[in-house]
Amino acid sequence: MTEQKIRILLADDHIVLRMGLANAANCEPDMVVVGEAENGEDALEAYRKLQPDVIVLDLRMPKQGGIDTIKALRKEFPAVRALIFSNYVSGDEVLQSFKAGASGFVVKDMPLDYLIDGIRSVYRNEQYLPPEIAATISKRVVSHLSNRELEVLKLVAEGLSNKEIAFKLGLVEGTVKVHLTNILSKLHVNDRTQAIIAATKRGIIQID
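Each value, and the rule that gives it
Residues numbered from 1 in each chain as written. Predicted model: local features only at pLDDT ≥ 70, side-chain atom pairs only at ≥ 80, totals over all residues. Heavy atoms only, no water. Salt bridge = Lys/Arg side-chain N within 4 Å of Asp/Glu carboxyl O. Helix = DSSP H or I, 4+ residues; strand = E, 2+ residues; numbered from the N terminus. Buried < 20%, exposed > 50% of the residue type's maximum accessible area, 1.4 Å probe, protein only. Phe/Tyr/Trp six-rings, centres within 6.5 Å; stacked < 30°, edge-to-face > 60°. Expected span 1.5 Å × (residues − 1). Contact = heavy atoms within 4.5 Å. Polar contact = N/O pair within 3.5 Å; in protein donor to acceptor, adjacent residues only side chain to side chain.

Asker: In this structure, what is going on with the pattern of salt bridges? I would like to understand it.
Answerer: Pairing between side chains of opposite charge can happen when the charged atoms of each approach one another. Under the criterion given, the structure shown has ten salt bridges. R48 is the partner of E76 in a salt bridge, and the nearest nitrogen-oxygen pair spans 2.7 Å. Of this pair, E76 sits in helix α3 (residues 66-76) while R48 sits in helix α2 (residues 40-50), placing them 28 residues apart in sequence. On the accessibility criterion, R48 (33% relative accessible area) is partly exposed.

Asker: Explanation requested: the packing of aromatic side chains in the structure shown.
Answerer: Here the distance between the centres and the angle between the planes together describe a pair of aromatic rings. One pass over the full model with this rule turns up one aromatic pair. Between Y47 and F77, the aromatic rings sit 4.9 Å apart at their centres with planes inclined by 55°, giving tilted as the arrangement. Of this pair, Y47 sits in helix α2 while F77 sits in the loop between α3 and β4 (82-86), and the two are 30 residues apart along the sequence. Since its relative accessible area comes to 5%, Y47 is described here as buried.

Asker: For this particular structure, what's the right way to read helix α5 (residues 112-123)?
Answerer: Counting along an α-helix, one turn takes 3.6 residues, and residues three or four places apart therefore face a common direction. Its twelve residues give α5 an end-to-end C-alpha distance of 17 Å, which sits within 8% of 16 Å, the value for a rise of 1.5 Å per residue. Listed as buried for α5 are Y114, L115, I116, G118, I119, S121 and V122. Looking at the residues trailing α5, positive phi occurs at N125, about 65°.

Asker: Teacher, can you tell me more about helix α10 (residues 192-201) here?
Answerer: When we look at burial in α10, the residues that qualify are A195, I196, A198 and A199. For α10, the elements touching its buried residues are α7 (147-157) and α9 (173-187). You can read the cap of α10 off the contacts: a side-chain oxygen lies 3.1 Å from the backbone nitrogen of T193, and it is on D191.

Asker: Please explain the environment of E173 as it appears in this structure.
Answerer: Note on placement: E173 falls in helix α9. Taking the C-alpha atoms as reference, E173 lies 58 Å from G20; in sequence the two are 153 residues apart. Apart from the residues lying within four places of it in its own chain, the contact partners of E173 are N162, K163 and A166.

What follows is the structure in structure tokens.
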């Protein structure tokens with residue numbers, strides 16, 4: 001019995017690139033390209049017909065870009081597994097892609113192995129972000145924390161209680177709790193310890 005292959009839909013407006021990607025994916029023993037599209041609208045239509053396991057799509061395409069396409073797909077197919085394959089790697093675009101519902105992001109000038117690994121990871125319902133991209137956007141997370149939230153986070157890392165933080169910043173304790181709730185939500189963690197670990201790993205704060 002042959003193992004089921006990962007069924008892939010490719011969406012990119014450059015035909016030569018699509019041909020290269022299709023050839024590379026089809027050469028993998030566990031992958032098969034079942035369809036191609038040259039813009040976001042066609043990608044949506046193809047997805048409806050083919051129901052692929054993974055869609056690989058460019059961010060900037062005619063008629064409808066990658067982010068709007070993912071949003072549209074998520075409305076119809078909440079479990080869609082999408083991998084962005086783009087020339088552009090600004091922190092905003094990466095974060096917007098994940099916020100829209102993408103599960104992975106690979107840049108076109110990276111080795112093809114990254115794309116193949118990304119497809120497999122996304123297929124397994126994992127998020128995929130090569131270390132090189134993660135390193136360039138780690139600081140971008142800071143912009144999602146307000147200056148006050150950063151102050152609170154740094155004091156949490158110093159081991160201060162909510163009451164002590166409130167006193168130090170001239171706030172009421174309830175306001176500190178609100179800031180802390182926002183911090184946990186933005187860092188996608190459940191408690192203070194996880195927040196400190198996540199923020200340290202991402203370079204948001206430094207612990208001496």
